[in-house]
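Chain by chain, the residues:
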Amino acid sequence: VVAREMKIARDHPRAPEPVDLSASPIRLSATPVAYTRPPPPLGQHTDEVLTDWLAMPEKEIARLRDGGVL
């Protein structure tokens, strides 16, 4: 990552200083990658994935959460 100059530092709302990240390995001169948002915190999209993508009922999600799985 360092040798290929793919290490980047980005501000994150939950970190007091910039967080080191790996940049995209895809290099396109006409359309370079734009890093506009910070990486999501752990669990930010859990409910969306379980309900929208996996069609899991809310009761099942609550059961998993109560059991410490989520």
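If you're wondering where the values come from, they're calculated on a predicted model, not measured in any experiment.

## Re unusual backbone geometry
In step 1: Phi angles above zero are rare outside glycine, and glutamate 5 is one such case at about 55°.
In step 2: Among the structural elements, glutamate 5 can be located in the segment before β1 (7-10).
In step 3: With relative accessibility at 66%, the residue glutamate 5 sits in the exposed group.
In step 4: One non-glycine residue with positive phi stands out, namely alanine 55, at about 50°.
In step 5: With respect to the helices, strands and loops of the structure, alanine 55 is situated in the loop between α1 (46-53) and α2 (58-66).
In step 6: Judged by its relative accessible area of 63%, alanine 55 is exposed.

## Quick look at the pattern of salt bridges
In step 1: Applying the stated criterion across every chain, the model contains three salt bridges.
In step 2: Two residues, aspartate 20 and lysine 7, come together in a salt bridge whose shortest N-O distance is 3.7 Å. Linking aspartate 20 in strand β2 (residues 19-22) with lysine 7 in strand β1, this pair joins segments that are 13 residues apart in sequence.
In step 3: For aspartate 20, a relative accessible area of 51% translates into the label exposed.
In step 4: With its nearest N and O atoms 2.9 Å apart, the salt bridge here joins arginine 65 to aspartate 47. Here aspartate 47 lies in helix α1 and arginine 65 lies in helix α2, a separation of 18 residues in the sequence.

## Some remarks on the environment of lysine 59
In step 1: Mapped onto the elements, lysine 59 comes out in helix α2.
In step 2: Once the C-alpha coordinates of lysine 59 and arginine 4 are considered, the two residues, 55 residues apart in sequence, prove to be 47 Å apart.

## Here's the deal with the environment of valine 69
In step 1: In this fold, valine 69 is placed in the segment after α2.
In step 2: Spatially, the C-alpha atoms of valine 69 and histidine 12 are 26 Å apart, while their sequence positions differ by 57 residues.

The rules behind each value
Residues numbered from 1 in each chain as written. Predicted model: local features only at pLDDT ≥ 70, side-chain atom pairs only at ≥ 80, totals over all residues. Heavy atoms only, no water. Helix = DSSP H or I, 4+ residues; strand = E, 2+ residues; numbered from the N terminus. Buried < 20%, exposed > 50% of the residue type's maximum accessible area, 1.4 Å probe, protein only. Salt bridge = Lys/Arg side-chain N within 4 Å of Asp/Glu carboxyl O.

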